[in-house]
Amino acid sequence: MLALDLGTTTGWALRSRDGGITSGTMTFKPSRFEGGGMRYLRFQHWLGEIAWLAHGLRQVVFEEVRAHVSTDSSHVHGGFLATLTAWCEQRGVPYEGVPVGTIKRFATGKGNADKAAMIAAIRARGFAPTDDNEADAIALLLWATEGQGGHA
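Note that residues are indexed from 1 along each chain, following the sequence as it is written. With the structure being a predicted model, the display of local features is reserved for residues of pLDDT at least 70 and the display and counting of side-chain atom pairs for 80 or more, all residues being used for whole-chain, interface and lining totals. Side-chain descriptors were evaluated using all non-hydrogen atoms of the structure, hydrogens and water having been removed beforehand.

Caption draft 1: Main features of the pairing of strand β3 (residues 21-27). By definition, two strands form a pair when at least two bridges between them are found by DSSP. Counting from the N terminus, the helices are the DSSP runs of H or I reaching at least four residues and the strands are the DSSP runs of E reaching at least two. As judged from the seven bridges shared by strand β2 (residues 9-15) and β3, these two strands associate in the antiparallel manner. In the strand pairing of β3, Thr10 is matched with Met26.

Okay, here's the thing in structure tokens:
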């Protein structure tokens, strides 16, 4: 199972078939010489690499963002979401969006927890996230696999 916090810096967490969890972040910021669509092509290629390294994906869960800070961030997120869902559809991989508040409530007990609280909650579970993107992805993976999401 792959959990994603979609964005220019995408947080990810992967649960392997043996139950081990690997996580990190991947940056898809386009260089000044690239067109706007290159970040999505690189994201699509990266998804393929993750699936190959994991010997296939049984499910993808992602943070479902309903409100964005700016119009630009909304457009970028929409591009990642469209790329992800199309990629999953092409390969028959089930996917599910989980509201941000649900993930925060699961990890911290508060649906409006800030970034520092999310990082602290995930560290308290024994992980060492580098930033809030990775912490969110780990929290989402734990939500989905510990029965809260019903997709263990």
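Caption draft 2: Main features of the packing of helix α3 (residues 100-108) against helix α4 (residues 115-124). An axis is simply a line fitted to the C-alpha atoms; with a helix, the fit covers only the stretch in contact. Between two such axes, the angle follows the N-to-C directions and lies from 0 to 180 degrees. Where α3 meets α4, the closest approach of the two axes is 9 Å, and the angle between their N-to-C directions is 50 degrees. Overall, the two elements α3 and α4 adopt an arrangement that is oblique. Pair α3 / α4 crosses with left-handed handedness. Along its contact with α3, which presents Ile103, Lys104, Ala107 and Thr108, the element α4 presents Ala117, Met118 and Ala121. Partitioning the contact of α3 with α4 into residue classes produces five nonpolar, one polar and one charged. Oblique is the label for any angle not covered by the other classes, which are roughly parallel (under 35 degrees), roughly antiparallel (over 145) and roughly perpendicular (65 to 115). Crossings are assigned a handedness: left-handed for a near helix turned anticlockwise from the far helix by less than a right angle, right-handed for a clockwise turn. Between two residues, a contact is recorded if the distance between any of their heavy atoms is within 4.5 Å. Three classes are used, and their members are as follows: Ala, Val, Leu, Ile, Met, Phe, Trp, Tyr, Cys and Pro are nonpolar, Asp, Glu, Lys and Arg are charged, and the others, Gly among them, are polar.

Caption draft 3: Structural detail: helix α5 (residues 132-145). Helix length check: α5, at 14 residues, gives a terminal C-alpha distance of 20 Å against a target of 20 Å (1.5 Å per residue), a fit within 8%. Per-residue accessibility, obtained with a 1.4 Å probe over protein chains only, is compared with the maximum for each type, and a residue is labelled buried under 20%, exposed over 50%, and partly exposed between these values. Burial within α5 is extensive, with 14 of its 14 residues counted as buried. For this analysis, a polar contact is any N or O atom pair within 3.5 Å, provided that within protein one partner can donate a hydrogen and the other can accept it, and provided that sequence-adjacent residues contribute only side-chain to side-chain pairs. A side-chain oxygen of the first residue of α5 lies 3.0 Å from the backbone nitrogen of Asn133; this N-cap is Asp131. Expected helix span is computed as 1.5 Å times (number of residues minus one).

Taken by themselves, the reported measurements are silent on function.
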